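Spelled out from the first residue to the last, the chains are:
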Amino acid sequence: MSAATNGHVLDVKGLSAAYGESKVLFDIAVAVRDREVVGCVGRNGAGKSTLLKSIAGFLRPTAGTVVSDGVDLVGRTAYAIAGMGIKYVPQDKKVFSDLTVRENLELGSYASGDYDWDPVLVFFPKLKVLLDRKAGYLSGGERQMLMIGRAILGKPKLLLVDEPTEGLAPSIVAHLKDVFRELSKSAALVIVEQNLPMICAIADKIYALNEGRLVAELTEREQIRPEVCEPYL
Ligand SMILES: Nc1ncnc2c1ncn2[C@@H]1O[C@H](COP(=O)(O)OP(=O)(O)OP(=O)(O)O)[C@@H](O)[C@H]1O
């Protein structure tokens, strides 16, 4: 392990971000180790999605560094960052409705070059049955499977997932929880999540944001509990 990486697949320091004149994130520090599951919680508008967008290259930070394996990602395109194995699953579950599930999945692999169908179809056997269906016909749960499947097809080292369980049935939430646990054997995950029982069951660490600032970092097992996180929502 080199001194430059510090064992961190992601090391965010002094990160600030804004939409035009409107400042949204202030001096954020986040560290994620290889194969660690990191939760991010906070009220609506706290800046959680903005944090993921700033890491993934969809919004250029106004200050700070976002280092992955010794490389600063600030200023790199979202496409280049995806190509480095950092995959972002946005909250909006947007798919290409007129393309098939297979075509949607293949689009996710373009930035990576190298891809592996096996984990996708093992984690989401339902997608196998749906491969030739147009993505516009999928249910909310199936869309989320497609979004995550698309991200893991390219064998990521870090997955950034924004509110994956929002609006989904409990059985699908339970399935996603198992998938994230299994995925963490080969990749690190940062998951923005309001479902506290779900995120506390799988996270090694939880960050809480409030009004664009980091207000808590929970690292001990006994702290990573819904009742401890609840005040941050
Ligand atoms: N594209 C945008 N342009 C301007 N302001 C934005 C934009 N996106 C988000 N914001 C504002 O930035 C702040 C943080 O939003 P963000 O979506 O990051 O919060 P969040 O914690 O993810 O909230 P939620 O849980 O509601 O998704 C909010 O005040 C929001 O209104």
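Note that this is a predicted model, so its numbers are computed, not measured.

(A) Summary view of the overall build of the chain. The helix and strand inventory of the chain stands at 9 helices and 10 strands. For the chain, the C-alpha radius of gyration of 17 Å lies close to 17 Å, the compact-globule estimate for 233 residues. Reported as C-alpha extents along the three principal axes, the dimensions of the chain are approximately 45 × 40 × 40 Å. The buried share of the chain, taken over its 233 residues, is 50%. In the chain, the share of contacts with a sequence separation of at least 24, taken over all contacts with a separation of at least 6, comes to 69%. Across the chain, 28 positive and 29 negative side-chain charges occur, with their mean positions spaced 2 Å apart.

(B) Structural view of the state of the cysteines. Here the structure, examined in full by the defined rule, presents 0 disulfides. Not engaged in a disulfide, the cysteine Cys40 finds its nearest cysteine sulfur in Cys229; these two sulfurs lie 11 Å apart. Cys40 sits in the buried class, given a relative accessible area of 3%. The closest cysteine sulfur to the non-disulfide-bonded Cys229 is located on Cys200, 3.9 Å from its own sulfur.

(C) Main features of the site of the ligand. What surrounds the ligand is a group of 13 residues, the closest being Gly45, Gly47, Lys48, Ser49 and Thr50. Contacts to the ligand include Thr50, whose side-chain N or O atom sits 2.5 Å from an oxygen atom. In the environment of the ligand, an oxygen atom lies 3.3 Å from a nitrogen or oxygen atom belonging to the side chain of Glu163. Look at the ligand: alone it shows 630 Å² of surface, and the protein chains cover 59% of it. Examining the composition of the shell around the ligand, we find that 3 residues originate from one element, helix H1 (residues 48-56), more than from any other. By residue class, the composition of the shell around the ligand is 3 nonpolar, 7 polar and 3 charged.

(D) Quick look at the pattern of salt bridges. Scanning the model with the defined rule gives 9 salt bridges in all. Between Asp69 and Lys157 there is a salt bridge, with its nearest N and O atoms 2.8 Å apart. On the criterion of sequence distance, the pair formed by Asp69 in the loop between strand E4 (63-68) and strand E5 (71-72) and Lys157 in the loop between helix H6 (140-153) and strand E7 (158-162) is long-range, its members being 88 residues apart. Relative accessible area serves as the criterion here: at 38%, Asp69 is assigned to the partly exposed category. Of the charged contacts, one joins Glu217 and Lys205 as a salt bridge, the two residues approaching to 3.8 Å between their closest N and O atoms. Of the two residues, Glu217 sits in strand E10 (residues 213-218) while Lys205 sits in strand E9 (residues 205-210), which places them 12 residues apart along the sequence. Note on Lys205: relative accessible area 8%, which makes it buried.

(E) Quick peek at the sheet that holds strand E1 (residues 8-19). In spatial order, the strands read E2-E1-E4-E5; together these 4 strands make up an open sheet with antiparallel pairing. Edge positions in the open sheet fall to strand E2 (22-33) and E5, since each of these has one partner strand only. When E1 meets E2, the two strands line up antiparallel, connected through 8 bridges. Across the sheet, Val12 pairs through a bridge with Val30, a residue of E2.

Scoring rules and cut-offs
Residues numbered from 1 in each chain as written. Predicted model: local features only at pLDDT ≥ 70, side-chain atom pairs only at ≥ 80, totals over all residues. Heavy atoms only, no water. Helix = DSSP H or I, 4+ residues; strand = E, 2+ residues; numbered from the N terminus. Rg over C-alpha atoms; globule rule 2.2 N^0.38 Å. Buried < 20%, exposed > 50% of the residue type's maximum accessible area, 1.4 Å probe, protein only. Contact = heavy atoms within 4.5 Å. Lys, Arg positive; Asp, Glu negative; His and termini not counted. Charge placed at Lys NZ, Arg CZ, Asp CG, Glu CD. Disulfide = S-S within 2.5 Å. Near = heavy atom within 4 Å. Polar contact = N/O pair within 3.5 Å; in protein donor to acceptor, adjacent residues only side chain to side chain. Areas by Shrake-Rupley, 256 points an atom, 1.4 Å probe, with all protein chains shown as cover. Nonpolar A, V, L, I, M, F, W, Y, C, P; charged D, E, K, R; others polar. Salt bridge = Lys/Arg side-chain N within 4 Å of Asp/Glu carboxyl O. Pairing = 2+ DSSP bridges.

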